[in-house]
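# Results of the structural survey
Okay, here's what each chain looks like letter by letter:
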Amino acid sequence: MWWGDGRIGGWAGNPGDLPPGLCIIEPVNSQDTNWVNWARSELYRGNSSIRNVRRFAESKENVKDVKYIVTVTTSDIKYSGTDDNVSIIIVGDKAATNRQYLDTKLYNDFEKGDTTEYSFLDREIGHIEYIIMKKEDSKLTIESEWCIEKVVVRKDKSGYDIKFPFFQWVNNASPDPLIIVSNQTCLPQNESEIRSSARLLETSLSSHWEETKFKWSYDLKTGDNIEDVREHQPGFLKVHSEEKTYDELDSRFQWAPEHYSEYKDLRRTLAMTGITSTIKGLFDPINTIEEYKDVVEEIPEESAEAAWMDNWDSDEEFGRQTMNGMNPVNLHRIKELPEKFPVTEAHMEGILQRGLTLQEEIEKGNMYMIDLKILDGISTGTYEDQKLFLAVPMVLFYLPPNEKLSPVAIQLGQLPGTDFPIWTPNDTREDWLLAKIWFRNADAQVSQLVTHLAQSHFILEPFAVGMFRSLSLAHPIHKLMKENLKSLIAIDTKAREVLITPGGVGDASLTVGHGSNGIIETLTKAYQNYSYKGMNYKNDLIQRDVMELPGYHHRDDSIKLWDATLSYMQDMVNHFYDSDSDVIEDWEVQAWVKDVFNNGFGKMKNLQQASLGVPSSLATKAELVEYLQSIFYTTVRHSFANYYSFEYTRFAPNSPTVLRGKLPREEDRGLATMETLLASLPTKKQAYVAAATAKVLTNRASDEVYLRETPNWMFLKEEPRKVFEKFVAKLDKIEEEIKSRNKALAIPYTVLQPSRITAGVSI
């Protein structure tokens, strides 16, 4: 017996043995209380269906009425071929073929990039519904994984092909075969009975059996220990090893081998360059700020934005980066000053340019603020036996008549007083520059850990894990989102292994690292201060009251992309869902949403809302669109959250990820010099580690897929392609508008050009 030992019947009970006159009540929809019993009944019936398939597959009956032609395409990526034994069963609405091994005599089958045709005679099975494939170890070769691009099946007399797109790795980890139903795109409630059974089994095998690897985990490796983080971090995919390393991750979720090789090669190259730089630095300490450009030259990169370094220390450049730099998400317009930030008219003497008082400028809407209170109470580490300090700053910005946003007041702590005095441009140049640098150091922690890692990476992983557990390959949402979510689990697993773990690159480069628990504390607070509604970035911009701020190119590009992606999600949902009831009755989507609610975020505590406010069910098409848009746009958000980090941290004084010395107090006013400022800045080694880390995190792999590309397109009919082409046309228009705008800018904003936005989160 090669498969189907009745485990599903044992797991779900045996509804087929109900007494005469009794039956399972069919639920109204997937939220009905009768849903669980009905689903178990369907699983039992599905198991019966598979037993019938197995009966045909193992039949000794020598019926050879029909010629079947099977064409298998192996991916052309590195190591995608296999020498293992491969078999196929073709399932129809009347019967199934025998189990047929695919093998060509005197030919090495399933090699990288190969498309090979096989044919065999078997019984008439009726209309082809799906296929079952099995890869087994060959006793003559070493087991190897296999990446299938697609399978095409044709009955010779029918004359037309049935295509099964796949684009996925296959391994031998599970004793169960591979059910492939991707030849059709259909909501589960609209499937034929035999395909419905196959889909129920497909998703059940992904979610429940111990042999498979689609399981939730909350176990974070921290040094030599395993910490259960379910109460303060979202769930993620389980790695079945004690070390919890990327190399042990299921191959279905890993990067392509070429991608991983490029990643490792870059890290090795940067490590060797860093060793050389460190050795030189021992004998060549930094004596001027300009010498930090030596680090920039060690990791060269041409960019359209590079001119910013010529005026990095100016107030106007500070304001420009606040709007269009690596962390443009915290600026908001104020209607009054908070009591904890007591900026006075005396502080603003000679700074405001309209002849108005500070209060009048506020009332006119010309004052903006950033408050990084999220860092309050976060632990910091030590460097060379010296305690590292971290500002918890507030910055007041002014929009003068020339419309060049500039900082006018900085307080480096949350409690006003002599420990955290207010600094302004009226202070000495060195005092004011030092205050700005301490703010940028704090902002770098928030940028890397909150805006980027927490709100663009880890928040998406529950949606990805839940989708792969709950949605069949035949589901339109799976086909729509697969490209955007397929690499997320790989990079997040790697981040847990090397970025946030003690001794990792984040620990070595951030003030909140260096042996402290500050990284985890910051990630925890990131979710305590966030919710599902925050994933609506257009609404976030509106709530921050920045819609009228001149020169905020990030806002303009973000809104255009939000509108384009929202229209794309609406068009796709409208194509596959006729009504709200279709959403309610879609048990796969409902299972996905509930899984994310319960297991993705449901274990977390001390949140503003249970499960971050993520819905536990969806009742309308509008709610489904909102759900998909929240996920899809976050992959767009990742581009601006990540890809400018190297640009603006490579010159360490601009955005230092770690500072030395203590925060300036009132007693230090007027005492800062260029020498004391240099003593606060990172060492050359620290500057290099930060730049190298950012370089790795912003590297674009050679196999990167971008937003307007679909190399792994899963849909077979023309209508979804037309919807996508409409989306691409909008992206192209946005691209041209951005390029046209940028021609007039001294420093362009390019990170949200659609041609530079990756289709998903892969680094």
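Our structure is the block above this text.
Below, the structure is looked at part by part. (Residues numbered from 1 in each chain as written. Predicted model: local features only at pLDDT ≥ 70, side-chain atom pairs only at ≥ 80, totals over all residues. Heavy atoms only, no water.)

## Here's the deal with the overall build of the chain
Across its full length, the chain carries 22 helices and 19 strands. In the chain, which comprises 763 residues, the proportion classed as buried is 59%. Relative to all contacts within the chain whose residues are 6 or more apart in sequence, the contacts with residues 24 or more apart total 76%. Total accessible area on the chain is roughly 30,900 Å²; 49% of this is exposed by carbon and sulfur atoms. (Helix = DSSP H or I, 4+ residues; strand = E, 2+ residues; numbered from the N terminus. Buried < 20%, exposed > 50% of the residue type's maximum accessible area, 1.4 Å probe, protein only. Contact = heavy atoms within 4.5 Å. Areas by Shrake-Rupley, 256 points an atom, 1.4 Å probe, with all protein chains shown as cover.)

## Focus on the pairing of strand E14 (residues 367–371)
When you tally the buried positions in E14, you get five out of five residues, the bulk of the element. Where burial is concerned, the two faces of E14 agree: the one with Met367, Met369 and Asp371 and the one with Tyr368 and Ile370 are both buried. Looking at chain direction, E14 and strand E17 (residues 394–398) are connected through five bridges and run antiparallel. Across the sheet, the residue bridging to Asp371 is Met394, located in E17. (Pairing = 2+ DSSP bridges.)

## Quick look at helix H9 (residues 461–470)
Burial analysis of H9 places 10 of its 10 residues in the buried class, which makes it a mostly covered element. Of all the positions in H9, only Glu461, Pro462, Phe463, Ala464, Val465, Gly466, Met467, Phe468, Arg469 and Ser470 are classed as buried.

## Concerning the packing of aromatic side chains
Think of a pair of aromatic rings as described by two things: how far the centres are apart, and how the planes are tilted against each other in angle. Tallying each qualifying case throughout the model produces 28 aromatic pairs. For the pair Tyr568 and Phe727, a centre-to-centre distance of 4.3 Å together with 5° between the ring planes defines the contact as stacked. With Tyr568 in helix H15 (residues 553–576) and Phe727 in helix H22 (residues 718–742), this residue pair connects regions lying 159 residues apart in the sequence. For the pair formed by Tyr568 and Phe727, the shared burial category is buried. Ring centres of Trp713 and Phe724 lie 5.4 Å apart, and the angle between their planes is 50°; on these two criteria the pair is classed as tilted. (Phe/Tyr/Trp six-rings, centres within 6.5 Å; stacked < 30°, edge-to-face > 60°.)

## What to know about the sheet that holds strand E18 (residues 406–411)
Pairing is antiparallel across the open sheet formed by five strands, whose spatial order is E13-E14-E17-E18-E19. Every interior strand has two partners, whereas the edge strands, strand E13 (332–333) and strand E19 (422–423), have only one. Across the face of the sheet, helix H6 (residues 315–324) comes into contact with E14, E17 and E18 while running at roughly 85° to E18. Of the strands in this sheet, E14, E17, E18 and E19 touch helix H8 (residues 429–458), which is tilted by about 80° from E18. (Axes fitted to C-alpha atoms, helices over the stretch in contact; angles between N-to-C directions.)

## Digging into the sheet that holds strand E2 (residues 85–92)
Spatially, the four strands line up as an open sheet ordered E3-E2-E5-E8, and their pairing is antiparallel. Each edge of the sheet is formed by a strand with only one pairing partner; in this case those strands are strand E3 (100–101) and strand E8 (178–180). As paired elements, strand E5 (residues 128–136) and E8 share three bridges and run antiparallel to each other. Residue pairing in the sheet places Met133 in a bridge with Leu178 of E8.

## A few points about the environment of Gly325
Position of Gly325 relative to the elements: it lies in the loop between H6 and E13. For Gly325, a relative accessible area of 1% translates into the label buried. Put simply, Gly325 and Glu647 are 322 residues apart on the chain and 8.8 Å apart in space, counted from C-alpha to C-alpha. Apart from residues lying up to four places away in sequence, Gly325 is in contact with Arg320, Tyr644 and Tyr648.

## Examining the pattern of salt bridges
Inspection of every chain in the model, using the stated rule, returns 40 salt bridges. The residue Arg252 makes a salt bridge to Asp250 at a minimum N-O spacing of 2.5 Å. According to the relative accessible area criterion, Arg252 is partly exposed, its value standing at 23%. By relative accessible area, Asp250 is classed as buried at 2%. When the shortest N-O distance is used, the salt bridge between Arg320 and Glu317 registers 2.8 Å. Separated by three residues within a single helix, Arg320 and Glu317 lie in helix H6, roughly one turn from each other. A residue is classified by how much of its surface remains accessible, and Arg320, at 15% relative accessible area, is buried. According to the relative accessible area criterion, Glu317 is buried, its value standing at 6%. (Salt bridge = Lys/Arg side-chain N within 4 Å of Asp/Glu carboxyl O.)

## Some points on the side chain of Thr649
Structurally, Thr649 can be placed in helix H19 (residues 645–649). The class of Thr649 is buried, set by a relative accessible area of 5%. From its side chain, Thr649 meets the backbone oxygen of Ser645 in a polar contact 2.5 Å long. Once residues within four sequence positions are removed from consideration, Thr649 is found in contact with Met326, Ser655 and Ala694. (Polar contact = N/O pair within 3.5 Å; in protein donor to acceptor, adjacent residues only side chain to side chain.)

## Overview of the side chain of Gln753
Note on placement: Gln753 falls in the segment after H22. Within the structure, Gln753 has its side chain in polar contact with the side chain of Glu735 (distance 3.2 Å). For Gln753, the residues in contact, after removing those within four places along its chain, are Glu735, Ile738, Lys739 and Asn742.

## A word on the environment of Val658
Along the chain, the position of Val658 falls in the loop between H19 and helix H20 (674–680). For Val658, a relative accessible area of 2% gives the class buried. Contacts of Val658, omitting those with residues within four sequence positions, involve Leu388, Asn441, Ser509, Thr511, His514, Pro682 and Gln686.

## Some remarks on the pairing of strand E11 (residues 225–228)
Strand direction decides the pairing type here: strand E10 (residues 219–222) and E11, joined by four bridges, are antiparallel. Looking across to E11, one finds that Lys221 is bridged to Ile226. From the end of E10 to the start of E11, which pair antiparallel, there are two residues, and Gly223 there has a positive phi angle of about 70°.

Shape is all these values report; function is a separate question.
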